[in-house]
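# Structural overview for review
These are the residues of each chain, in order.
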Amino acid sequence: MKKLKGLFAALIMLCSTSVFAGDFDWSQCWCNYGGGIEKGDMIVDVAVGLNEGFFTAFNGGWGIPYVHASFDVAVPIWKLPFTFGGSVGANISGWDSYVSTYMNVAAQVKYHIMLPVENLDVYAGVRLGANLAFSNAWDPSFGFYGDGFLGAHYFLNDNFGFVAEFGYPVWLKAGISLKF
């Protein structure tokens, strides 16, 4: 019965995609930005997320969700719709008198795909940079930070929208997006 429900849901999604697609040219989805993004646009995202530090609270500690800010500039390479930029993120967690803080700064690149849903921008990307961890229980440590993710922007108008990302080490992020 579960397989039948899953097949039915997949069939509905497939049919609804073709309804929304209309005259959409699928051969061009890989070489166009979605969501009305154009060459030279700058996108600023501010989001909160869930990572392992937040779940410290479930083990008798406390955690403040991961806070993340990023910016990107749309710079196509040949026909491919890339954005390049940077990001910064941090979270704090602890138990009793023990407090640890993790901060990262990274460069990022995203590859965008245009889908037939108007105002939707879907992308995949990577972040590479540095991570700083410090605590009242150990000396600060400095290391490599890497993040792979899939995400989407949904713009409500020309300048404002929402963003969501799934990836690792931050499992889920959601927030607002501004486009200039």
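Before going into details, it helps to say that this report is about the structure given with it.

### Some remarks on the nonpolar core
Among the nonpolar cores identified, the biggest contains five residues, and these are Tyr33, Ile37, Ile43, Ala74 and Phe155. If near-sequence neighbours (up to four positions away) are discounted, Ile37 is found in contact with Ile43, Ala74, Asp121, Phe155 and Lys179.

### Things to note about empty space enclosed by the protein
Counting across every chain of the model gives one cavity of 30 Å³ or more. Put simply, the largest cavity is a space of about 30 Å³. Among the residues making up the lining of the largest cavity, the classes are represented as two nonpolar, two polar and four charged.

### Regarding the packing of aromatic side chains
Summed over all chains, the structure comprises six aromatic pairs. On the numbers, 6.2 Å between centres and 80° between planes, the contact of Tyr123 with Phe149 is edge-to-face. Taken together, the residues span a long stretch of sequence, with Tyr123 in strand 5 (residues 120-135) and Phe149 in strand 6 (residues 141-155) at a distance of 26 residues. Take Tyr123 and Phe149: they sit in the same class, and that class is buried. Members of the aromatic cluster, joined through ring pairs, are Phe82, Phe84 and Tyr111.

### Brief notes about the sheet that holds strand 5
Taken in spatial order, the eight strands line up as 1-2-3-4-5-6-7-8 and close into a barrel, and their pairing is antiparallel. Taken over all neighbouring pairs, the strand axes of this sheet differ in orientation by 25° on average, direction set aside. Bridge analysis of strand 4 (residues 98-114) against strand 5 gives 15 bridges, and the strand direction is antiparallel. For Met103, the partnering residue across the bridge sits in strand 5 and is Leu132.

### Examining the environment of Cys29
Looking at where Cys29 falls in the secondary structure, it is placed in the loop between helix 1 (2-21) and strand 1 (42-50). A C-alpha to C-alpha distance of 9.8 Å links Cys29 and Pro81, two positions 52 residues apart in sequence. Residue contacts for Cys29: discarding those within four places in its chain leaves Phe24, Ile113 and Met114.

### Looking at the environment of Trp95
Following the sequence through the fold, Trp95 ends up in strand 3 (residues 82-95). In sequence terms Trp95 and Gly63 are 32 residues apart; their C-alpha atoms lie 8.9 Å from each other.

### A closer look at the pairing of strand 2 (residues 62-74)
The sheet contact formed by strand 1 and strand 2 spans eight bridges and is antiparallel. By the bridge assignment, Val44 is partnered in strand 2 with Phe71. Pairing between strand 2 and strand 3: eleven bridges, direction antiparallel. When the sheet's bridge partners are listed, Ala69 is paired in strand 3 with Val88.

### As for the side chain of Asp41
Within the secondary structure, Asp41 sits in the loop between helix 1 and strand 1. Buried charged residue Asp41 carries no salt bridge. Nearest counter-charge: Lys179, at 4.7 Å. Apart from residues lying up to four places away in sequence, Asp41 is in contact with Gly36, Asp72, Val73, Ala74, Lys179 and Phe180.

Rules behind the numbers
Residues numbered from 1 in each chain as written. Predicted model: local features only at pLDDT ≥ 70, side-chain atom pairs only at ≥ 80, totals over all residues. Heavy atoms only, no water. Core = buried A, V, L, I, M, F, W, Y, C linked by side-chain atoms within 4.5 Å. Buried < 20%, exposed > 50% of the residue type's maximum accessible area, 1.4 Å probe, protein only. Contact = heavy atoms within 4.5 Å. 1 Å grid on protein atoms, 1.4 Å probe; cavity = no way out; pocket = protein on both sides within 12 Å on 5 of 7 lines; lining within 4 Å. Points joined across faces, edges and corners; volume = space filled by probe spheres on them. Nonpolar A, V, L, I, M, F, W, Y, C, P; charged D, E, K, R; others polar. Phe/Tyr/Trp six-rings, centres within 6.5 Å; stacked < 30°, edge-to-face > 60°. Helix = DSSP H or I, 4+ residues; strand = E, 2+ residues; numbered from the N terminus. Pairing = 2+ DSSP bridges. Axes fitted to C-alpha atoms, helices over the stretch in contact; angles between N-to-C directions. Lys, Arg positive; Asp, Glu negative; His and termini not counted. Salt bridge = Lys/Arg side-chain N within 4 Å of Asp/Glu carboxyl O.

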